[in-house]
Amino acid sequence: MIPVSTFSGKKVALFGLGGSGLATARALVAGGAEVTAWDDNPDSVAKAAAAGIVTADLHGIDWPAQAAFVLSPGVPLTHPKPHWTVDLARASGVEIIGDVELFVRERRAHAPDCPFIAITGTNGKSTTTALIAHILCRSGRDTQLGGNIGTAVLTLDPPQDGRFYVVECSSYQIDLAPTINPTAGILLNLTPDHLDRHGTMQHYADVKERLVAGSQVAIVGVDDSHSTLIADRLAGVRNDRSAFGAGETEGGNASRRVIRVSQAKPLSNGLYNRDHRIFYGETLIADLNGIDTLKGSHNAQNAAAAIAACLSVGVSEEEIRTGLASFPGLKHRMQPVGRIGQVTFVNDSKATNADAAAPALSSYEQIFWIAGGLPKAGGIASLAPLFPRIKKAYLIGEAAPEFAATLGEAVPYEISGTLDRAVAHAAADASSVEGGGVVMLSPACASFDQFRNFEVRGDSFVSLVADLEGVTMLVEPEKGK
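These numbers were taken from a predicted model, which means no experiment stands behind them.

Some remarks on the overall build of the protein chain
Secondary structure summary: the protein chain contains 15 helices and 20 strands in total. In terms of overall size, the protein chain behaves like a compact globule, its C-alpha atoms giving a radius of gyration of 24 Å where 481 residues would be expected to give roughly 23 Å. Taking the principal axes of its C-alpha atoms as reference, the protein chain extends roughly 70 × 55 × 40 Å. Looking at the 481 residues of the protein chain, the share that counts as buried comes to 55%. Pairs at least 24 residues apart make up 65% of the contacts formed inside the protein chain by residues separated by at least 6 positions. When the accessible surface of the protein chain is split by element, carbon and sulfur atoms take 51% of a total near 18700 Å². The protein chain carries 40 positive and 51 negative side-chain charges, and their two centres are separated by 3 Å.

Below, the structure is given as structure tokens:
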């Protein structure tokens, strides 16, 4: 835990007592703050009270006496309308912040020079976050991984010199972190997302920009127009003459360095992908060919951003290449989990819609595709350009009839119904084909018709693969799965 000492002896109101909210309340109390917490869910309030947190309906507290109001990132700050607690805080002029802001204040207070890498973007941020943390850990550095990736940031070990922090940040968390100042900040990309919470695409982009605007080194993907404009604005339209040396910009923050990254565009002064190799200008930095966990051009951009961040905090190129080569992948995201001869089994259970399944399908040939579940709007029609890569489809769950109609005569398919049948049939078919292939769970559907969540679905896939005769597992199945 990181005790939040910066609010010691001060009154702090807090709303939202889910996993990260309860962790935040505990960290504030541990640091000496006088916390009053609340939630719309009575069970969450009872759990907090049982943990020794003072709880009270925030309608009745003395708002002008509060030093800050800490809001859970899952609670609306602006759209579709501010939560009632936000209105009360603003009416009394109380600052509204979140757990990431508390972390950055503790870092500034106790170890301002400890490296802090923050990652955001519409897509790819979890993979990039995990990849950076893996490279740092593999190089022997004391590494703390948290944030939106699943570990509340205030549950990490306290900031100290020589400790590295790698923190994934959602747009909601950035919106509640007005003074976020990473050593290296990454903005991977921007496409329309969460507009119900941000109102417009421009506001969504503005929020994301804050992370890199406060960074010493701003690493920005330039494969979409919004991010390209942000990179140009941060660099004053002209990038640094030496991306990893002293910064020199026209306008803006003169001490900030801007490094552009791309999965497709050659960059004279940035990191980019060419034939799945990462270059800086014309200098080869890393070859990703043969790294199964980093297949696809989208992962090349993730790797380029990770390389830029690691170089920025003093990791050597050799250490980076070693980390890339040993990256185990992010669980449930294009994760190779086992092999039988020339057949590879890939867990992409996180692909809960067609857009999310596209990167995996575009990264392999001769795919034995397990798809289906609780269907999303639009189905899989948008994946039609990738159908030639699919040797056969094995359809499960409620979506099976709909997906069968979409596949039609373009792709051979069977309606397997359940995941166990799909795995058994796909494994047998792939093993009988010359050159093998890839048995891939990339459902393009929600899991809730047959599984509690996509994690349980992915774990079940791994366990079923582990039970196949002759398999060599690349990951250990979860116990009890």
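Further notes follow.
Topic: the pattern of salt bridges
This model, assessed by the stated rule, comprises 17 salt bridges. With its nearest N and O atoms 3.5 Å apart, the salt bridge here joins E318 to R321. Taken together, the positions of E318 and R321, both in helix α11 (residues 317–325) and three residues apart, correspond to about one turn of that helix. The partner of E478 in a salt bridge is K331, and the shortest N-O contact between them spans 2.7 Å. Here E478 is found in the segment after β20 (472–473), whereas its partner K331 is found in the loop between α11 and β14 (335–340), with 147 residues between them in sequence.

Side note on the packing of aromatic side chains
Per the counting criterion, the structure on display carries five aromatic pairs. Note on W63 and F69: the rings are 5.3 Å apart at their centroids and 80° apart in plane angle, and the pair reads as edge-to-face. On the basis of relative accessibility, which here comes to 4%, the residue W63 falls in the buried class. Residue classification places F69 among the buried residues on the basis of a relative accessible area of 0%.

Looking at the nonpolar core
Grouped together as the largest cluster of nonpolar side chains are 54 residues, with contacts concentrated most on F7 and L28. Looking at this core, the element that brings in the most residues is helix α8 (residues 201–213), giving six residues. Those residues within four positions of L28 in sequence are excluded, and the remaining contacts are V4, F7, V12, L14, A33, V35, V70 and L102. Of all hydrophobic cores here, the second largest spans 39 residues; its members include I117, I285, L288 and L324.

Basis of the calculations
- Per chain, residue numbering runs from 1 following the sequence as it is written.
- Where local features are concerned, this predicted model is filtered to residues with pLDDT of at least 70; where side-chain atom pairs are given and counted, the filter is 80 or more; whole-chain, interface and lining totals use all residues.
- Computation of side-chain values: all heavy atoms of the structure, hydrogens and water removed.
- Numbering of helices and strands runs from the N terminus, with a helix taken as a DSSP run of H or I at least four residues long and a strand as a DSSP run of E at least two residues long.
- A radius of gyration in this sense is built from C-alpha atoms; the matching globule rule multiplies 2.2 Å by the number of residues raised to 0.38.
- A 1.4 Å probe rolled over the protein chains alone gives each residue an accessible area, and that area as a share of the maximum for its type sets the label: buried under 20%, exposed over 50%, partly exposed in between.
- Here, two residues are considered to be in contact whenever any of their heavy atoms come within 4.5 Å of each other.
- Each accessible area is a Shrake-Rupley result for a 1.4 Å probe, and residues are judged covered by the shown protein chains and nothing else.
- When charges are counted, Lys and Arg contribute as positive and Asp and Glu as negative, whereas His and the chain ends are disregarded.
- Here the site of a charge means atom NZ of a Lys, CZ of an Arg, CG of an Asp or CD of a Glu.
- Here a salt bridge means any side-chain nitrogen of Lys or Arg lying within 4 Å of a carboxyl oxygen belonging to Asp or Glu.
- Pairing of aromatic rings covers Phe, Tyr and the six-membered ring of Trp, with a centre-to-centre limit of 6.5 Å; geometry is then stacked below 30 degrees between planes, edge-to-face above 60, and tilted otherwise.
- Nonpolar core, defined: a set of buried Ala, Val, Leu, Ile, Met, Phe, Trp, Tyr and Cys residues in which side-chain atoms within 4.5 Å join the residues together.

In short, geometric facts, not functional conclusions.
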